[in-house]
Amino acid sequence: MDWGNLGFGYIKTDWNVRSTWRDGAWSPLEMTDSEYLTLHMASTCLHYGQEAFEGLKAFRGADGKVRIFRLEENARRMIRTAEYTMMAPPTMELFREACVEAVKRNEKYIPPYGTGASLYIRPLLIGTGAQVGVKPAKEYMFVVFVTPVGPYYKEGFRPISVMVDRHHDRSAPLGTGFVKVGGNYAASLLSGAEAARANYPSVLYLDACEKKYIDECGAANFFAIRDGVYITPRSTSILPSITNMSIRQLATDFGLKVEDREVEFAEIPTFEEAGACGTAAVISPIGKIYDPDNEKTYILGDGVTPGPWCVKLYDALRAIQYGEAPDPRNWNTII
Ligand code: PLP
Ligand code: COI
């Protein structure tokens, strides 16, 4: 494996783990080497979108130990998504055991320390029971697979350019944006493709009602820095990012003030730095924001070099994930 040059894609590993929910209980975990699921054609995941997923990472540390970052928070979010979409939620224990087992069984795919790569863990929950009326399924499947990954954006830690999209929304204020369901991503594919065609690796979505406030990027939260303040949008239509939650804490530790509030698009010219953050995106500094409707381009910093706060926060986050720095809040599960 060319660990240093991995992209963010699917690479087959040896094992995945599964459990099924039937008659009110989750089955004991099963390991399998099959990459396929056998599904009833009337499964609710296929017709009515009963589908939830998560994304977290395992890192091989400086000390050789393997750490999973913020496993409990990802479990909590999947439980919230399951409850909102009326699926059987995995228990915290099931989620933990499945992630740990999937990582352990695929140990040889955990990228070596120093390559910058990690093992992405993808928990998936789907309604597998058959329904034709719009009703929740009576059976569910919980699957965890892993795959080694490199940077989500080919820019790595260099600033990315994002394009504003006022013509599509990925989610609505009282809709599903705050949970991690596949439909939110289906809703973002067309605008993502349009942005990619114009050479922008990510879309910046605005609030669906007024297009006045910043929501988030397609697969990552938005943050900005101004006058010693870390500013990040509060919105009911964005996914509560666990990376953002962690960076907010690190920012506070560094003495930055944190503002979690509605952020007007009009504030962009006042920002010293901006970034996209998420498990896949880590911290991807934003160097350029293009607004096609007004034919305006905003450059942050010099547009090509990560700003000093992005560097500081990125380094601090990576150091905890790779076991180079203490982990005072026990964000890592060491396995
Ligand atoms: N926002 C969206 C839409 C995402 O898909 C993700 C990725 O999970 C995030 C934000 C970042 O969340 P997290 O930091 O928990 O990975
Ligand atoms: C993640 O950061 O884990 C994501 O889910 C982003 C994307 C790959 C969907």
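See the structure above.
Residues numbered from 1 in each chain as written. Chains lettered and ligands numbered in written order. Predicted model: local features only at pLDDT ≥ 70, side-chain atom pairs only at ≥ 80, totals over all residues. Heavy atoms only, no water.

Enquirer: Tell me about the site of ligand 1, residues and numbers included.
Expert: Not every one of the 16 residues close to ligand 1 is listed here, only the nearest: Tyr185, Glu216, Ser241, Thr243 and Thr279. Contacts to ligand 1 include Arg77, whose side-chain N or O atom sits 2.7 Å from an oxygen atom. Note that an oxygen atom of ligand 1 is positioned 2.6 Å from one of the side-chain N or O atoms of Thr279. Isolated, ligand 1 exposes 380 Å² of accessible area, and the fraction of that covered by the protein chains is 97%. (Near = heavy atom within 4 Å. Polar contact = N/O pair within 3.5 Å; in protein donor to acceptor, adjacent residues only side chain to side chain. Areas by Shrake-Rupley, 256 points an atom, 1.4 Å probe, with all protein chains shown as cover.)

Enquirer: Lay out the packing of aromatic side chains with the relevant residues and their values.
Expert: What the rule picks out here adds up to 18 aromatic pairs. With 5.9 Å between their ring centres and 65 degrees between their planes, Trp21 and Tyr140 make a pair best called edge-to-face. Of this pair, Trp21 sits in strand β1 (residues 16-22) while Tyr140 sits in strand β8 (residues 140-149), and the two are 119 residues apart along the sequence. Trp21 sits in the partly exposed class, given a relative accessible area of 22%. Among the aromatic residues, those joined into a ring-pair cluster are Phe8, Tyr120, Tyr152 and Tyr153. The lysine or arginine in question, Lys312, covers the ring of Phe254, its NZ or CZ lying 4.8 Å from the ring centre. (Phe/Tyr/Trp six-rings, centres within 6.5 Å; stacked < 30°, edge-to-face > 60°. Helix = DSSP H or I, 4+ residues; strand = E, 2+ residues; numbered from the N terminus. Buried < 20%, exposed > 50% of the residue type's maximum accessible area, 1.4 Å probe, protein only. Lys NZ or Arg CZ within 6 Å of the ring centre and 35° of its normal.)

Enquirer: Outline the nonpolar core, supporting the account with residue identities and numerical values.
Expert: Formed by 31 residues in total, the largest nonpolar core has its most connected members in Ile68, Val103, Ile121, Leu125 and Phe142. Every element with two or more residues in this core is listed here: β5 (56-60), β6 (66-69), α2 (71-84), α3 (92-105), β7 (118-127) and β8. Looking at this core element by element, the count peaks at seven residues for α3. Aside from chain neighbours lying at most four places away, what touches Leu125 is Trp26, Gln50, Glu51, Ala52, Met78, Ala82, Met87, Ala88, Pro90, Tyr140, Met141 and Phe142. Among the nonpolar cores identified, the runner-up in size contains 24 residues, and Ile214, Ala220, Phe271 and Ala281 belong to it. (Core = buried A, V, L, I, M, F, W, Y, C linked by side-chain atoms within 4.5 Å. Contact = heavy atoms within 4.5 Å.)

Enquirer: Quick one: what's the story with the packing of helix α5 (residues 242-253) against helix α6 (residues 308-321), residue by residue and with numbers?
Expert: Close contact between α5 and α6 brings their axes to 10 Å; oriented N to C, the two are set at 110 degrees. One way to sum up the angle between α5 and α6 is to call them roughly perpendicular. Read as a crossing pair, α5 and α6 show a hand that is right-handed. Taken together, the residues of α6 that come into contact with α5 (itself represented by Thr243, Ser246, Ile247, Leu250 and Ala251) are Leu313, Ala316, Leu317 and Ile320. (Axes fitted to C-alpha atoms, helices over the stretch in contact; angles between N-to-C directions. Parallel < 35°, antiparallel > 145°, perpendicular 65-115°, else oblique. Left-handed = near helix turned anticlockwise from the far one by under 90°.)

Enquirer: Account for the side chain of Ser19, with residues named and values stated.
Expert: When you line up the elements, Ser19 lands in strand β1. A distance of 2.8 Å separates a polar side-chain atom of Ser19 from the backbone oxygen of Ser27. Excluding residues within four positions of it along the chain, Ser19 makes contact with Trp26, Ser27, Leu29, Leu94, Tyr140, Met141 and Phe142.

Enquirer: Summarise the pattern of salt bridges; cite the residues concerned and give the values.
Expert: Taken as a whole, this structure holds 20 salt bridges when the rule is applied. Glu101 is the partner of Arg105 in a salt bridge, and the nearest nitrogen-oxygen pair spans 3.3 Å. Placement of both Arg105 and Glu101 in helix α3 is noted, with a separation of four residues, approximately one turn of the helix. Of the residues examined, Arg105 reaches a relative accessible area of 36% and is grouped as partly exposed. Overall, the relative accessible area of 21% leaves Glu101 in the partly exposed class. One network of salt bridges, in which partners are shared, links Arg226, Lys257, Glu259, Arg261 and Glu267. (Salt bridge = Lys/Arg side-chain N within 4 Å of Asp/Glu carboxyl O.)

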